[in-house]
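Observations on chain architecture
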Amino acid sequence: MAYRGVQTSKVSPAYLHGNSTSHTFAFSAVAELLDNAYDPDVNASEIWIDKRSINNTICLTFVDNGYGMDPNKLHKMLSFGYCEKEAVGSHQPIGHYGNGFKSGSMKLGNDALVFTRQANYMSVGMLSQTYLKNIKAETVLVPIVSWSLPDKMRSNTGDVKSNLQSILQHSILKTEKDLLNELDSMEKLKTGTKIIIYNLARIGNGNLELDFDSDPLDIRNPDTHVKDYSTINRIQAESKPRYKVSLRDYCSILYLKPKMKIVLRGKKVKTKLIQKSLSQTEIDTYRPTWAERPIPIRFGFTSSKNSDDYGIMMYHKNRLIRAYEKIGYQKQPNELGIGVVGVVDSYFLTPIHNKQDFQRDDKYSAFMTNAAQKLNDYWNEKRGGNEKTAPQNQQTVPDWTWAQCDNCLRWRRLTTGMTSEDLPDKWFCHMNADAQFNRCEIPEEPEDEEEALSGATYKKTFKKQQQERKIKIKFMAAEQNRTREMLLAAKEKELARKEQEMRKKTAVGEVSSTAGSSSVNPNSMTPVQIRRMKKDLDKLMKEKQNKEKEISELKRQKTMSERICREYQKKARHLNLDNLISSVNKQIEEDTRDVTSTSGTIQIKTEEGDIVDIIPVEEPSTSGTNNCNKVVDLTVDSDEEDGPSAPKISRREDIKPDISKIKIEPKQEPSKVVNNTQNQNTQTDKTEDTKTRQRLLNLQVNVHKLLKMIVPDEDLGKPENVEDIVTAMILHNS
Ligand SMILES: Nc1ncnc2c1ncn2[C@@H]1O[C@H](COP(=O)(O)OP(=O)(O)OP(=O)(O)O)[C@@H](O)[C@H]1O
Ligand SMILES: [Mg+2]
Ligand SMILES: [Zn+2]
C-alpha cells in the first residue's frame, strides 16, 4: 500500500526475443527445460521430449512427471527473475536466474503453452509472442486459467474468462475442451508439467531450425552455429562434435550423474555415466586454498567411437556446461593428449546466463591452468610423454560397465564383463549378478573419489622422474656454474699477478731508462704504454734540467758569498775596535741632525734604486739620540764584483739580489727631525761610549737579519759573528 501510485516496470514483448538470443545453440535451450524438470522443486524422474503436430502446427513438447505447479507458481514461471529453488539433500538446483524457461522456450519457438497438474489444481498458461503481437501489447501479458481437482471446476480468480479467451483465440488450441484434453492426458502422471512450443524457430531459408526428419528417434541440429575454437590449432575433424548435432547424444552427457530418464521421441536416451565409462581411469585432485576438500578430476581415455570426443567435461552442480574442452597438450598442434577425457564438477565456478560457459574470472583461470597440468601429467604417465603412441593403440574398453535401473534410477557396476551395448533397453536392479547390489532398496555403492582425498590415485612416476631430471639438470648447471666461477677466480688471480709483475717491470724500466738504458722490452708493451712512458721521460728530463739550473745558481751564490766573506774577514783583520768606536762617535758628533724617534726603518735598495725590502730598526728607548737618519751605505764597490748582475725584479718572493749592488739606508722621517745639538754637548764620555756600543750591537742584529735574508743558505752564526762584517762595512763607508 505504501507504494500505491508507483508504476510497475513493464516488460516489452520484444524482450522475449531479445532474451532468447542468449542461447546461440538450440540444444542449450532444450537443456533449460530439462533442468527445470530435473531441479529438486520439480524432481521429475522422467521427461519425454516429442515432436507433435497440433492442428497442423509442428510442436515440440516436453512432458515431465515432476511435482507440477499451482496457479501461483505457474504465474512465477511465466514471469521474470523469480527463482525459489533450494537444495534438497545432495540434490542441488541448477536453476538460479529465474529466466531459463523464458529464454529457452522463446529460442525454440515463438509461442509456448504450459499445462501443469498438481493434486488440487490443473492449470494452463501462455507465453506467446504471436498473441502479444496480435493484441499489440505494450507489456508482456501471460494469460492463465486454472481448474480445481478433482471436479475440474474453472477457478474464478481474476478475469478467468478473458484469460481463457486470450488463450483460445491466439493459441493453437481453440476450445476449452482441447485444453482439458491436454491436461487429462497427464492424468496418469498424477503430477507433472507439459510444455508445448509452437511456431518453431526457422532458419533463413524458411526451414525449421531443428531437424526432426533425418532421424525419427532424434532431433538434430544441422547448424551448430558455434565453432569450437578450442581445437583451432588442430586439424579440424570433418564431423562436428556429436553432442552438438544430436539431441540424443547431448542428452546422454548432459548430467554428470543422470538421475532423470530422458525419453526422446519415444526412445529412452542411454545416459552415459561419462566419468565411469572411461578406460585407465585415474583421479587427480585440485586443491585450491579456499576449498574445504579436494576437488576430484577424473581422467581416462574415451571409449567413444567419435574421434573428437576428448577433452575436459566441465559440469556445474551435475549439469554439463563445457563439453570436450581441449586443454593442456590437447591445444598443441600435435597429437599429444588425444583421447584423454577429464571430468570435473566445477561447482565453484559461475555459469553464465545461457549455462554454456563459465564466467572468465580468476577462479576459472586458476582452475584451467591446474587442470591442464594434470591432464598433461596423466598423458605423460599413461603414454610416457610419447606423442607417437597414437590414440588408436589405446585401450578403449571402459574399466567398468555401469547400468541404470529403470525403476529406481540407481547406477550399478556390472561385474560380468558386459558392455553397455549388451544391455537391454530396460534394465533393473534384480538383473544385477552382484548380490550386494541387486535390489532397488540398496543404496548405490560409495563413490571411489574418497580414495583420492589424499592425492592422485596413481603414482606420477613420469612426473617424478621429470622433476628429478629437472633437479639433476639444475644441480648440474649449478655445478658447472661453480666450476666456471672457480676458473674465473683463478684467471683473475693470475691476471692480477701478471699485472703486478708488469708494474714492477715498468718501474724498473723507468729507472733504468732514466739511467740511460732501458730493461723494458718495448716489443712487449702496448703503444699506449710506450707513449705514456715517453711522456714521463720528457717530464723527468725537464725536471732534471730545472734542478741542474737551480743547483748551478745556488753554487754561484755560494761562491759569491764565500768571496764576500773572505773579503770582509780580510778587511776586519786590520780593524781596531777602539778606533772604530771613536770613529763612529766622531761621525755622530759631526752630524748636525737628530731624530727624536727611538725607532726607524732601513730600506733595502738595488743599485738602480728599486726598494726590495724595509726592515724596522728598534733602539733602546733610553737613548735620546740615534743614527738611523744616517745613511749607511752597504754597497760593495762595483769594480770588486765579477759575477753576473742580478735581474731587475720587484716581487719579494722572487728576489735573489746581488749583494754587491745593495745599499742600506735608514728611512728619512723629516717630520720628526729635531735639532738636539745642545743636548749632545752635555753627555759624559762614558755614557757616549755605552750608547755607541749599544748602537753597534743593534746594527749587528739588523745586519745579521739582513744578511740572513740575502744569503739564507749561508751559516752566519750569532749576530755577534757579523761584527767583522759590520766593521768592514763601516770602514768601507767611511
Ligand atoms: N517443469 C517444471 N515443473 C515445475 N515448475 C517449473 C518447471 N519449469 C519451471 N518451473 C518453475 O518456474 C520457475 C522459473 O523457471 P526458469 O527456468 O525460468 O527459472 P529458474 O529455473 O528458476 O532459473 P534459471 O533461469 O536459472 O533456469 C522455476 O523456478 C520453477 O519454480
Ligand atoms: Mg530453469
Ligand atoms: Zn532399481
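What you see is a predicted model; the values in this text were computed from it and never measured.

Assignment of secondary structure puts Thr401 in strand β15 (residues 401-404). The contact partners of Thr401, leaving out residues within four places of it in the chain, are Arg412, Arg413, Leu414, Met418, Thr419, Ser420 and Leu423.

Bringing the coordination of the zinc ion (ligand 3) into the picture now. Note on metal geometry: ideal angles are 109.5 degrees for four donors arranged tetrahedrally and 90 or 180 degrees for six donors arranged octahedrally. Taken together, Cys405 (SG), Cys408 (SG), Cys429 (SG) and Cys440 (SG) make up the protein donors of the zinc ion (ligand 3), found 2.2 to 2.3 Å from the metal. Around the zinc ion (ligand 3) sit 4 donor atoms, and with donor-metal-donor angles ranging over 99 to 116 degrees the site reads as tetrahedral. Expressed as a motif, the donor residue spacing for the zinc ion (ligand 3) is C-x2-C-x20-C-x10-C. Judged by its relative accessible area of 21%, Cys408 falls in the partly exposed class.

Turning our attention to the packing of aromatic side chains. Each pair of aromatic rings is reported with the distance of its centres and the angle of its planes. One pass over the structure, following the stated rule, counts 16 aromatic pairs. With a centroid separation of 6.5 Å and 20 degrees between ring planes, the pair formed by Tyr243 and Tyr250 is classed as stacked. Each member of the pair, Tyr243 as well as Tyr250, carries the same accessibility label: buried. Through a chain of ring-to-ring contacts, the aromatic side chains of Phe25, Phe27, Tyr243, Tyr250 and Tyr324 assemble into a single cluster. Positioned above the aromatic ring of Tyr310, the side-chain terminus of Lys326 is 4.5 Å from the ring centre.

The alternating pattern of strand β8 (residues 261-264) places Lys261 and Val263 and Ile262 and Leu264 on opposite faces, both of which are buried. Pairing between strand β1 (residues 46-54) and β8: 4 bridges, direction parallel. Each residue of the ladder has a partner; that of Trp48, found in β8, is Val263. A loop of 2 residues connects β8 with strand β9 (residues 267-268), the two strands running antiparallel in sequence, and Arg265 in this loop sits at a positive phi of about 50 degrees.

This part covers the site of ligand 1. If you check the shell around ligand 1, you find 21 residues, and the closest are Asn36, Lys85, His96, Asn99 and Gly100. With respect to ligand 1, the backbone of His96 contributes an N or O atom lying 2.5 Å from an oxygen atom. When residues of the shell around ligand 1 are traced back to their parent elements, those giving at least two are α2 (26-38), α3 (71-77) and α4 (100-108). Looking at which element gives the most residues to the shell around ligand 1, the answer is α4, with 3 residues. Class assignment for the residues of the shell around ligand 1 results in 7 nonpolar, 7 polar and 7 charged.

Turning our eyes to something else, we now look at the environment of Cys440. You can see Cys440 is positioned in the loop between β16 (411-414) and α11 (461-514). According to the relative accessible area criterion, Cys440 is buried, its value standing at 19%. Remark: the alpha-carbon pair of Cys440 and Asn407, spanning 33 residues in sequence, is separated by 7.5 Å. Ignoring anything within four residues of it in the chain, the contact list for Cys440 reads Cys405, Asn407, Cys408, Arg410, Arg412 and Cys429.

Evaluation of the coordinates by the stated rule reveals 30 salt bridges. Where Asp406 meets Lys268, a salt bridge forms, and the shortest distance between an N and an O atom there is 2.7 Å. Linking Asp406 in the loop between β15 and β16 with Lys268 in strand β9, this pair joins segments that are 138 residues apart in sequence. With a shortest N-O distance of 3.8 Å, Asp357 and Arg322 are connected by a salt bridge. Pair noted here: Asp357 is in the loop between β14 (340-345) and α10 (362-383) and Arg322 is in strand β13 (residues 319-325), with a separation of 35 residues, a long-range link. Relative accessible area serves as the criterion here: at 21%, Arg322 is assigned to the partly exposed category. Salt bridges sharing partners connect three or more residues here, namely Glu46, Lys261, Lys268 and Asp406.

Our next topic: the packing of α2 against α4. Viewed as axis vectors pointing N to C, α2 and α4 meet at an angle of 140 degrees, and their least axial separation amounts to 8 Å. Our classification of the angle between α2 and α4 gives oblique. Judged by the twist between their axes, the crossing of α2 over α4 is left-handed. For the pair formed by α2 and α4, the contact residues are Ala26, Ala29, Val30, Glu32, Leu33 and Asn36 on the first element and Gly100, Phe101, Ser103, Gly104, Lys107 and Leu108 on the second. When the residues that make up the contact of α2 with α4 are grouped by side-chain class, the tally is 6 nonpolar, 4 polar and 2 charged.

We now examine α2. When the terminal C-alpha atoms of α2 are compared, their 19 Å separation across 13 residues agrees well with the 18 Å that a helix rising 1.5 Å per residue should span. Within α2, 12 of the 13 residues are buried, which leaves the element mostly enclosed by the surrounding structure. Every buried residue of α2 is listed here: Ala26, Phe27, Ser28, Ala29, Val30, Ala31, Glu32, Leu33, Leu34, Asp35, Ala37 and Tyr38.

Moving on to the sheet that holds β1. Sheet strands pair via backbone hydrogen bonds, and the direction of the pair is either parallel or antiparallel. The strand order across the open sheet formed by 9 strands is β6-β5-β4-β3-β7-β2-β1-β8-β9, and the pairing between neighbours is mixed. The sheet is open, and its two edges are formed by β6 (153-154) and β9, each paired on a single side. When strand β5 (residues 144-148) meets β6, the two strands line up antiparallel, connected through 2 bridges. Each bridged residue has a counterpart across the sheet, and for Trp147 the counterpart in β6 is Arg154. Helix-sheet contacts for α2 involve β1, β2 (57-64), β7 (192-200) and β8, and the interaxial angle to β1 is about 130 degrees. Along the sheet face, helix α7 (residues 176-184) touches β1, β3 (109-117), β4 (121-128), β5, β6 and β7 and points at about 65 degrees away from the line of β3.

The pLDDT averaged across the protein works out to 80; a share of 76% of its residues lies at or above 70. Model confidence for the protein, summarised as mean pLDDT per element, is weakest for strand β17 (residues 594-595) at 40 and strongest for β7 at 98. For residues 592-599, every residue scores under 50 in pLDDT, and the model assigns this stretch 30 contacts once sequence neighbours within four places are set aside. Within the model, pLDDT remains below 50 along residues 618-682, and this stretch shows 134 contacts once partners closer than five positions in the same chain are excluded.

Leu34, Ile49, Leu60, Leu108, Leu113 and Met313 are the most contacted members of the largest nonpolar core, which has 86 residues in total. When residues of this core are assigned to their parent elements, the largest contribution, 9 residues, is made by α2. Viewed by domain, this core spans two of them, domain 1 (22-200) and domain 2 (274-452), each represented by three or more residues. Counting residues in hydrophobic clusters, the runner-up holds 26 residues, among them Ala291, Ile312, Ala371 and Leu375.

So, how was this worked out
Residues numbered from 1 in each chain as written. Chains lettered and ligands numbered in written order. Predicted model: local features only at pLDDT ≥ 70, side-chain atom pairs only at ≥ 80, totals over all residues. Heavy atoms only, no water. Helix = DSSP H or I, 4+ residues; strand = E, 2+ residues; numbered from the N terminus. Contact = heavy atoms within 4.5 Å. Donors = N, O, S within 2.8 Å, 3.2 Å for Na, K, Ca; no water. Tetrahedral: all angles 85-135°; square planar, octahedral: opposite > 155°, others 65-115°. Buried < 20%, exposed > 50% of the residue type's maximum accessible area, 1.4 Å probe, protein only. Phe/Tyr/Trp six-rings, centres within 6.5 Å; stacked < 30°, edge-to-face > 60°. Lys NZ or Arg CZ within 6 Å of the ring centre and 35° of its normal. Pairing = 2+ DSSP bridges. Near = heavy atom within 4 Å. Polar contact = N/O pair within 3.5 Å; in protein donor to acceptor, adjacent residues only side chain to side chain. Nonpolar A, V, L, I, M, F, W, Y, C, P; charged D, E, K, R; others polar. Salt bridge = Lys/Arg side-chain N within 4 Å of Asp/Glu carboxyl O. Axes fitted to C-alpha atoms, helices over the stretch in contact; angles between N-to-C directions. Parallel < 35°, antiparallel > 145°, perpendicular 65-115°, else oblique. Left-handed = near helix turned anticlockwise from the far one by under 90°. Expected span 1.5 Å × (residues − 1). pLDDT = per-residue confidence, 0-100. Core = buried A, V, L, I, M, F, W, Y, C linked by side-chain atoms within 4.5 Å. Domains from an automatic or database assignment.

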